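This is what each chain is made of:
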Amino acid sequence: MKKVLIALSLCLALGATAAFAGGDAAEFYAKRCGNCHGEDGSKTSGPSGGVMLKGQSAEDIKAKLMGYKDGSYGGKRKKTMMRMVEKIDDKMLNDLATHIGGF
Ligand code: HEC
C-alpha cells in the first residue's frame, strides 16, 4: 500500500512540474509576444510584420526562432525578432515553439 502511495505522489509531482513548465511558456508568450502576434498568434496586421504564427507547426516555429537567433532566417523586419530572441535561452525558445504550435 505504501508503495502505491509513493508511486501516486511521484506521478502527481511530475504532472505538476510539467503543467508548470507549460504555464511558464504561456505566460512568457502572453507578456512578451502577444502584443505583436496576438494572444493566439492570429494577428497579421501592424506590429506582427504580416506573419501569422497560428497554424504553424512547433517544428517550423522552432526552426524560425533559431534562425532569428543565428541570423539565418527572417524577412524585411527580421531585426525586430532578432532583438526579441537574443536574450531568450534555447529551452524557453523550444517551450515557446511548442506552445505556439498548439494555437
Ligand atoms: C515588437 C513586435 C514583436 C514582438 C514583441 C514579437 N514579435 Fe515575432 N515577429 C515580429 C515581426 C515584425 C516579425 C516578422 C519579421 C521578419 O520580417 O522576419 C515576426 C516574426 C516572428 C516569427 C516568424 C513567423 C514566420 O512565419 O516567418 C516567429 C516564429 C515569431 N515572430 C515569434 C515570436 C515570439 C515567440 C515572440 C515572443 C518572444 C515574438 N515573436 C515577439 C514582431 C514581433
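Predicted model only: the values in this text are computed from it and were never measured. (Residues numbered from 1 in each chain as written. Predicted model: local features only at pLDDT ≥ 70, side-chain atom pairs only at ≥ 80, totals over all residues. Heavy atoms only, no water.)

A. Spatial organisation of the overall build of the chain. Across its full length, the chain carries five helices and zero strands. Helices and strands in the chain line up, N terminus first, as α-α-α-α-α. When burial is assessed residue by residue, the chain has 23% of its 103 residues classed as buried. Partitioning the intrachain contacts of the chain with sequence separation of at least 6 by distance along the chain shows that 48% fall at a separation of at least 24. A total of about 7,000 Å² of accessible surface is found on the chain, and carbon and sulfur atoms cover 62% of it. (Helix = DSSP H or I, 4+ residues; strand = E, 2+ residues; numbered from the N terminus. Buried < 20%, exposed > 50% of the residue type's maximum accessible area, 1.4 Å probe, protein only. Contact = heavy atoms within 4.5 Å. Areas by Shrake-Rupley, 256 points an atom, 1.4 Å probe, with all protein chains shown as cover.)

B. Main features of the pattern of salt bridges. In total, this model carries four salt bridges according to the counting rule given. With a shortest N-O distance of 3.0 Å, Asp 90 and Lys 69 are connected by a salt bridge. Pair noted here: Asp 90 is in helix α5 (residues 90-101) and Lys 69 is in helix α3 (residues 58-70), with a separation of 21 residues, a long-range link. When its relative accessible area of 34% is taken as the criterion, Lys 69 is described as partly exposed. (Salt bridge = Lys/Arg side-chain N within 4 Å of Asp/Glu carboxyl O.)

C. Region of interest: the packing of aromatic side chains. For the structure shown, the criterion picks out two aromatic pairs. With centroids separated by 5.2 Å and ring planes inclined at 70°, the aromatic side chains of Tyr 29 and Phe 103 adopt a geometry described as edge-to-face. One end of the pair, Tyr 29, is in helix α1 (residues 2-32); the other, Phe 103, is in the segment after α5, with 74 residues separating them in the sequence. In this structure Tyr 29 comes out as buried when scored by relative accessible area, which is 1%. (Phe/Tyr/Trp six-rings, centres within 6.5 Å; stacked < 30°, edge-to-face > 60°.)

D. Quick peek at the coordination of the iron atom of the ligand. Coordination of the iron atom of the ligand by the protein comes from His 37 (NE2) and Met 81 (SD), over a distance range of 1.9 to 2.2 Å. For the iron atom of the ligand, the six donor atoms are set out with angles of 87 to 179° between them, so the coordination reads as octahedral. On the criterion of sequence distance, the pair formed by His 37 in helix α2 (residues 34-37) and Met 81 in helix α4 (residues 78-86) is long-range, its members being 44 residues apart. What makes His 37 buried here is its relative accessible area of 10%. (Donors = N, O, S within 2.8 Å, 3.2 Å for Na, K, Ca; no water. Tetrahedral: all angles 85-135°; square planar, octahedral: opposite > 155°, others 65-115°.)

E. Here's a closer look at the packing of α3 against α5. Interhelical geometry of α3 versus α5 gives an angle of 145° and a closest axis separation of 8 Å. At the point where α3 passes α5, the crossing takes the right-handed sense. Of the residues in α5, those in contact with Ala 58, Ile 61, Lys 62, Leu 65, Met 66 and Lys 69 of α3 are Asp 90, Leu 93, Asn 94, Ala 97, Thr 98, Ile 100 and Gly 101. When grouped by side-chain class, the residues that make up the contact of α3 with α5 number seven nonpolar, three polar and three charged. (Axes fitted to C-alpha atoms, helices over the stretch in contact; angles between N-to-C directions. Left-handed = near helix turned anticlockwise from the far one by under 90°. Nonpolar A, V, L, I, M, F, W, Y, C, P; charged D, E, K, R; others polar.)

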